[in-house]
Amino acid sequence: MPTQYGRKRENKGMTSVELGGKKITFKEGSLRGMLRVPKTVKLDAPLLRRLNKAEIGETYMFRGREIKMTPLMKKRITLGINLQKRKKN
């Protein structure tokens, strides 16, 4: 990790998992934050697949809000789908 002023940076809110033989680190709850969804709402695979169909730059409606698909959001949705597949195996 890069050091700042002689101290190591802490990875607060970061989670690491192994997916496809590679270690992946991501911010826990970051997709929920982008979609502005509380933890009580389940983001299941069919919902994420439907959201992932939107092209980058396209605006779509989700739970009564207009949300613009960004490259980072697309990556996070794809990661969510892949993590859910991993848990079943």
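Let me begin by describing the structure that accompanies this report. Worth saying up front: this structure is predicted, and the values here are computed from it rather than measured. (Residues numbered from 1 in each chain as written. Predicted model: local features only at pLDDT ≥ 70, side-chain atom pairs only at ≥ 80, totals over all residues. Heavy atoms only, no water.)

What about the environment of Lys-75?
With respect to the helices and strands, Lys-75 occurs in helix 3 (residues 71-88). Each C-alpha atom of the pair Lys-75 and Asn-52 lies 9.1 Å from the other, and the pair is 23 residues apart in sequence. (Helix = DSSP H or I, 4+ residues; strand = E, 2+ residues; numbered from the N terminus.)

Looking at the environment of Phe-62
Inspection of the secondary structure assignment puts Phe-62 in strand 5 (residues 59-62). You can call Phe-62 buried: its relative accessible area is 4%. Residues Phe-62 and Leu-35, 27 residues apart in the sequence, show an inter-C-alpha distance of 7.9 Å. Every residue in contact with Phe-62, bar those within four places of it in the chain, is listed here: Leu-35, Val-37, Leu-47, Leu-51 and Ile-67. (Buried < 20%, exposed > 50% of the residue type's maximum accessible area, 1.4 Å probe, protein only. Contact = heavy atoms within 4.5 Å.)

Focus: helix 2 (residues 45-52)
Every buried residue of helix 2 is accounted for by Ala-45, Leu-47, Leu-48, Leu-51 and Asn-52. Looking straight down helix 2, one finds its buried side chains confined to an arc of 160°; they lie on one side. Facing away from the buried side of helix 2 by more than 90 degrees, the exposed set consists of Pro-46 and Arg-50. (Arc of directions from axis to C-beta.)

Regarding the pairing of strand 3 (residues 14-19)
In terms of strand pairing, strand 3 meets strand 4 (residues 22-27) through 6 bridges, oriented antiparallel. When the bridges of strand 4 are listed, Leu-19 appears paired with Lys-22. In textbook terms, the turn of a hairpin is the stretch between consecutive antiparallel strands, and for strand 3 and strand 4 this stretch comprises 2 residues, one of which, Gly-20, has a positive phi near 65°. (Pairing = 2+ DSSP bridges.)

Description of unusual backbone geometry
Backbone geometry at Arg-36 places phi at a positive 55°, although glycine is not the residue there. Relative to the assigned elements, Arg-36 resides in the loop between helix 1 (30-35) and helix 2. We classify Arg-36 as partly exposed; its relative accessible area is 49%. A positive phi angle is found at Arg-63, which is not glycine, with a value near 55°. Following the sequence through the fold, Arg-63 ends up in the loop between strand 5 and strand 6 (65-68). Judged by its relative accessible area of 55%, Arg-63 falls in the exposed class.

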